[in-house]
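A closer look at the structure
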Amino acid sequence: MSTKEKQLEDLLIAEEVQKQNEIVLYNDDVNTFDHVIDTLMYACEHTPEQAEQCSIIVHYKGKCTVKTGEYTELKPRCGMLLDAGLSAEIV
C-alpha cells in the first residue's frame with residue numbers, strides 16, 4: 001500500500017468515526033411557536049434565540065436539524081420532543 005493510499009484510508013476512517021447523527025424536527029399544524037420554542041430549550045438545551053430560529057425554519061421550510069451528535073446522546077432528546085407532541089426523527 002502506498003503512502004497516498006494509506007493517508008486516504010486513514011482519512012476515510014476518521015470521517016467514519018466523526019459521522020454524527022441529527023435530530024430533524026418537522027412542521028405540523030398542531031403545535032404553537034411557543035410550545036416548539038419551549039420544548040427545544042428543554043429537550044435540546046437551545047438558547048431562546050436558537051429555539052426561535054429553528055421554529056421559524058421548520059415553519060417555512062418544513063423541517064430543520066435541531067441537534068447533532070452521537071445516536072446515544074440524541075435518542076433521549078428526540079424522545080422528549082416526541083413526548084411533547086412534536087414530529088422528529090434521528091437521521
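Conventions used here
Residues numbered from 1 in each chain as written. Predicted model: local features only at pLDDT ≥ 70, side-chain atom pairs only at ≥ 80, totals over all residues. Heavy atoms only, no water. Pairing = 2+ DSSP bridges. Helix = DSSP H or I, 4+ residues; strand = E, 2+ residues; numbered from the N terminus. Axes fitted to C-alpha atoms, helices over the stretch in contact; angles between N-to-C directions. Salt bridge = Lys/Arg side-chain N within 4 Å of Asp/Glu carboxyl O. Buried < 20%, exposed > 50% of the residue type's maximum accessible area, 1.4 Å probe, protein only. Polar contact = N/O pair within 3.5 Å; in protein donor to acceptor, adjacent residues only side chain to side chain. Contact = heavy atoms within 4.5 Å.

**Considerations on the sheet that holds strand β1 (residues 21-26)**
Remark on secondary structure: sheet strands pair via backbone hydrogen bonds, oriented parallel or antiparallel. Read from one edge to the other, the open sheet built from 3 strands follows the order β2-β1-β3, with strand pairing classed as antiparallel. Strands at the two margins of the open sheet, each flanked by one partner only, are β2 (63-69) and β3 (87-90). Each adjacent strand pair in this sheet contributes to an overall mean axis angle of 20 degrees, direction not counted. Of the pairings in the sheet, the one linking β1 to β3 comprises 4 bridges and is antiparallel in character. Its bridge partner being in β3, Tyr26 is matched across the sheet by Ser87.

**Some details on the pattern of salt bridges**
Pairing between side chains becomes possible if they bear opposite charge and their charged atoms approach one another. Tallied over the entire structure, the rule returns 2 salt bridges. With a shortest N-O distance of 3.5 Å, Arg77 and Glu45 are connected by a salt bridge. You can see Arg77 sitting in helix α4 (residues 71-83) and its partner Glu45 sitting in the loop between α2 (33-43) and α3 (48-61), a full 32 residues away along the chain. In this structure, the salt-bridge partner of Arg77 is Glu73, at a minimum N-O distance of 3.7 Å. Residue Arg77 and its partner Glu73 are both found in helix α4; the two are separated by 4 residues, about one turn of the helix. Overall, the relative accessible area of 38% leaves Glu73 in the partly exposed class. Three or more residues joined by partner-sharing salt bridges are found here, namely Glu45, Glu73 and Arg77.

**So, the side chain of Thr39**
Tracing the backbone shows Thr39 in helix α2. Its relative accessible area of 7% is what places Thr39 among the buried residues. For Thr39, the side chain forms a polar contact with the main-chain oxygen of His35, separated by 2.7 Å. Dropping the residues within four chain positions of it, Thr39 is found in contact with Cys44, Met80, Leu81, Ala84 and Leu86.

Taken by themselves, the reported measurements are silent on function.
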